[in-house]
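# A structural walkthrough
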Amino acid sequence: MIETESLVAYIARASIGKPKISLQKPFSIFAAIAILLTCTSTVLPIYTTVTGFGNAPKLHPSINDWLFLSSGATPPSQAACNAVGRRCFDPAAMANSYNYASLLASGNEGQGKTIAVVDSFGSSTIRSDLNVFNTAFGLPHLCGEDGVVCTSGMPNFNILEVQGSPPPTPPPPNSGTGLENHNLWALEVSLDVEWAHATAPLANIQLVTSPTAETLGVQGLPEMMNAIQFVVDNHLADVISMSFGTGEGAFNSGLAALVGLRTAFFDAASNHVTLFASSGDSGTANILKTPVTNPSLIPYPSVGWPASDPLVTAVGGTYLCTDANTGLTIDNLSPPGQCQAHPGQRENGWIPSGGGYSILFPRPNYQNTLPAGSTFVGSSVGAPGPNVNMRGIPDIAYQASARTGVLVYMSEPATTASGTGCGGASPCSIGWYVVGGTSSGSPQWAGLAAIADQMAGRDLGQINPALYTIASNPVTYATDFHDITTNCNQVDPSIPGYCASPGWDAVTGLGTPNAAKLISDLIAAA
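This text gives an overview of the structure that appears in the document. Remember, predicted model here, so these are calculated numbers, not experimental data. (Residues numbered from 1 in each chain as written. Predicted model: local features only at pLDDT ≥ 70, side-chain atom pairs only at ≥ 80, totals over all residues. Heavy atoms only, no water.)

### Concerning the environment of Pro 310
- Assignment of secondary structure puts Pro 310 in the loop between strand S11 (304-305) and strand S12 (313-320).
- The exposure class assigned to Pro 310 is buried, which follows from its relative accessible area of 14%.
- A C-alpha to C-alpha distance of 9.1 Å links Pro 310 and Gly 392, two positions 82 residues apart in sequence. (Helix = DSSP H or I, 4+ residues; strand = E, 2+ residues; numbered from the N terminus. Buried < 20%, exposed > 50% of the residue type's maximum accessible area, 1.4 Å probe, protein only.)

Dropping the structure here:
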């Protein structure tokens, strides 16, 4: 069912994009559906394998790492996931894995706060998909789901089409760039909406759609940033998750090209709106430009924007090796091999986790003091100047690989022009998927931020200074973060990667959250 090929061959074929769902990942959903590569090797793989994104399109939604598991409303069993070399996390196991189950149990579920997730095109079935997901896992239903009777005080699910929305039907299969693969965007939408809700079950969810796919450079990005600007100007959300991105090298005029696009971020900071973006799903290898069928690689280790923006919290990725049934203990016996290869490790760096150093933004003050053992270089081999003491990403990390992924329900059908079977429309099956990518971590971190805002009784806004302040104290760093020290993010033999290390690193940042501890300290520090 899932094709495997050398990463080098995949990159040549798929043009290294980065959606966020962890499918391929042109960085996050709004824009290029980034390449969500799932590799089987563990350390600086020169010839790793990429796990099928079921005929993943060439760049696009950030959802590049996924596998269809089963149809019907009942989620697949863990045995079914193990049978195909995966472990699958449901909301309860994820809450235990990152220690926010106790917060939910004590009534801290993000009530009164709103999370906005930004994606291209949207999904015609998301209202019913969310209902199936919530019913399957016993989560609170939202006013705005299909078949739900709204009551006073119930959290809302809204869809905001600031600039209109095209028909959701994907085009017939073709040999183009894949930017119009609405099915893939629909899967990203399901991932973002369902897991932002699963993390903060009583927060309002706002799906903000764009009528275009974010390609690379400035194409598509103005529409996406206009949508974010509208949300910020009208304070329609307290937290925003972005599962899309584009390599910094694709901006021909450098930082000048971003001046107009960044206005929404400055306004978000002024209005205490927290911004998250997935760091990308192609390690240090990004493409120069789309839409073209075979774009060239940026010829040096690179990162993507908006994750690289100092006003944004960039989310990298890991393989999560806790018990997928409970989330309470480490499991190095069950699949996948990436967990079996590191006995005693609860998480390992996800090989395609986007990370490295900006060529546009200098090192922000909050990154000047890092935990002991950190491997902050501040420059990229072969990159243009200034290339000294530049902004490093990611800031933090979360589960990302679809080999240790989350369960997602989607029922957006394939195009009728596809003919028998998928016929090129991918994904094209109705039911349950296991999904990965750094675009999986961004909406879940957004859920944690909504809980923090609710507990604080105020919006924390830009949290990066507080995160690094907490991490600079050896005591709070040890209690609040899971420090990830294994694996590297080189996915192309011609582009050097970085390796995880104690403290901050360019694969997993400061690490993943021990949420109950971190949120308490975050409220005090922000």
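### A word on the packing of helix H7 (residues 221-233) against helix H8 (residues 263-270)
- With their axes 9 Å apart at the nearest point, H7 and H8 run at an angle of 20° to one another. Accordingly, the angle class assigned to the pair H7 and H8 is roughly parallel. Considering the relative orientation of H7 and H8, their crossing is left-handed. Contacts from Met 225, Ile 228, Gln 229, Val 232 and Asp 233 of H7 reach H8 at Thr 263, Ala 264, Phe 265, Asp 267 and Ala 268.
- Residues of the contact of H7 with H8, tallied by class, amount to six nonpolar, two polar and two charged. (Axes fitted to C-alpha atoms, helices over the stretch in contact; angles between N-to-C directions. Parallel < 35°, antiparallel > 145°, perpendicular 65-115°, else oblique. Left-handed = near helix turned anticlockwise from the far one by under 90°. Contact = heavy atoms within 4.5 Å. Nonpolar A, V, L, I, M, F, W, Y, C, P; charged D, E, K, R; others polar.)

### Section: the packing of aromatic side chains
- In this structure the tally under the stated criterion is 18 aromatic pairs.
- Relative to Trp 305, the ring of Phe 265 lies with its centre 5.4 Å away and its plane at 40°, an arrangement referred to as tilted. Remark: Trp 305 occurs in strand S11 and Phe 265 occurs in helix H8; sequence separation between them is 40 residues.
- Ring pairing ties together the aromatic residues Phe 133, Phe 137, Trp 195, Tyr 409 and Trp 432, which thus form one cluster.
- Across the ring face of Phe 376, the terminal group of Arg 363 is positioned such that the distance to the ring centre comes to 3.8 Å. (Phe/Tyr/Trp six-rings, centres within 6.5 Å; stacked < 30°, edge-to-face > 60°. Lys NZ or Arg CZ within 6 Å of the ring centre and 35° of its normal.)

### Section: the pattern of salt bridges
- On inspection of all chains with the given rule, the structure shows five salt bridges.
- A salt bridge links Arg 87 to Asp 331, with the nearest nitrogen and oxygen atoms 3.9 Å apart. With Arg 87 in strand S4 (residues 87-89) and Asp 331 in the loop between S12 and helix H9 (337-340), this pair connects stretches of sequence that are 244 residues apart.
- Taking relative accessible area as the criterion, Asp 331 reaches 13% and is therefore assigned buried. (Salt bridge = Lys/Arg side-chain N within 4 Å of Asp/Glu carboxyl O.)

### Overview of the packing of helix H10 (residues 438-456) against helix H13 (residues 515-525)
- Viewed as axis vectors pointing N to C, H10 and H13 meet at an angle of 50°, and their least axial separation amounts to 10 Å. When the axis of H10 is compared with that of H13, the two are oblique. Our pair here, H10 against H13, has a crossing hand that is right-handed. Residue-level contacts link Trp 445, Leu 448, Ile 451, Ala 452, Met 455 and Ala 456 of H10 to Ala 515, Leu 518, Ile 519 and Ile 523 of H13.
- Among the residues forming the contact of H10 with H13, the class breakdown is 10 nonpolar, no polar and no charged.

### Some thoughts on the state of the cysteines
- Here the structure, examined in full by the defined rule, presents four disulfides.
- With its sulfur 2.1 Å from that of its partner, Cys 81 forms a disulfide with Cys 88. Taking the sign of the torsion about the S-S bond as the criterion, the disulfide between Cys 81 and Cys 88, at about -110°, is left-handed.
- Looking at Cys 81, the relative accessible area reads 0%, which means it is buried.
- A relative accessible area of 2% means that Cys 88 is categorised as buried.
- Bridging Cys 143 to Cys 150, the disulfide has an S-S length of 2.0 Å. With the S-S dihedral at roughly 85°, the linkage between Cys 143 and Cys 150 falls on the right-handed side.
- By relative accessible area, Cys 150 is classed as partly exposed at 40%. (Disulfide = S-S within 2.5 Å.)

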